[in-house]
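Examination of the molecular architecture
Residue-level listing of the chains:
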Amino acid sequence: MKITRKQILLAAALVYALAVTAHAADPQIEKKQKDIRTMAQSTLRRLYKSEPKAKAAVEGAAGYAVFSNMGIKILVAGSGNGKGVAVNNKTKRETFMKMLELQAGFGMGVKKFSVIFVFDNERVFNGFVNSGWQFGGQTTAAATTGNKGAALAGAVSVSDGVWMYQLTDKGLALEITAKSTKYYKDDDLN
């Protein structure tokens, strides 16, 4: 049986059409991504309102990440989770991420808060995005800007080259606490 040029082109067109259809955007994924983008923009607006100089810090950084988190603590155990997006300021590439928090100790309540990370250089940003990041134990960071000056006022240094703002419903948090918190890529949304 001889295959004609027309049959080859038709087969190629069919394979291409199937590939495009298979990779067509899932409306549920697009909605989740849009919701995370909306949360991130709203969170940044709140940060800039409470700490106006933060805008220059975020825009001048190698990248930033914004997360919305919900934590619950009942008696001696607690957990939290959230979603967010990391943005490379140079390329504007977004990476959707998740966070998971575990804690132990006496307490009760529900806490909703947002976290904004600002990365001084591309190396620490890429490490955060590609390898994830984890706070260990009970870490409380003191509000200090070191030699970074007023641009990062309200932020705390949580690692070399990484600054963090934490917002509650009442505005910028005066104390930032992380309790065995892990940040990692959301494979379902990337």
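Notes on the structure in this doc start here. Predicted, not measured: the structure shown is a model, and the values here were computed from it.

1. Some thoughts on the overall build of the protein
For the protein, the helix and strand inventory stands at four helices and nine strands. Going residue by residue from the N terminus, the α and β elements of the protein occur as α-α-α-β-β-α-β-β-β-β-β-β-β. Counting contacts in the protein only where the partners sit at least 6 residues apart, residues at least 24 apart contribute 69% of the total. A total accessible area of about 11400 Å² is found for the protein, and carbon and sulfur atoms account for 58% of it.

2. Regarding the pattern of salt bridges
Inspection of every chain in the model, using the stated rule, returns three salt bridges. Two residues, K83 and D186, come together in a salt bridge whose shortest N-O distance is 3.0 Å. Residue K83 is located in strand β1 (residues 63-88), and its partner D186 is located in the segment after β9 (181-185); the two are separated by 103 residues in the primary sequence.

3. Observations concerning the packing of aromatic side chains
For the structure shown, the criterion picks out nine aromatic pairs. Where F117 meets Y183, the ring centres are 5.1 Å apart and the plane angle is 85°; that geometry is what we call edge-to-face. You can see F117 sitting in strand β2 (residues 94-119) and its partner Y183 sitting in strand β9, a full 66 residues away along the chain. Of the two residues examined, F117 and Y183, each falls in the buried class. A connected cluster of aromatic rings, assembled from ring pairs, spans F67, F117, F119, F125, F128 and Y183.

About the criteria used
- Residues numbered from 1 in each chain as written.
- Predicted model: local features only at pLDDT ≥ 70, side-chain atom pairs only at ≥ 80, totals over all residues.
- Heavy atoms only, no water.
- Helix = DSSP H or I, 4+ residues; strand = E, 2+ residues; numbered from the N terminus.
- Contact = heavy atoms within 4.5 Å.
- Areas by Shrake-Rupley, 256 points an atom, 1.4 Å probe, with all protein chains shown as cover.
- Salt bridge = Lys/Arg side-chain N within 4 Å of Asp/Glu carboxyl O.
- Phe/Tyr/Trp six-rings, centres within 6.5 Å; stacked < 30°, edge-to-face > 60°.
- Buried < 20%, exposed > 50% of the residue type's maximum accessible area, 1.4 Å probe, protein only.

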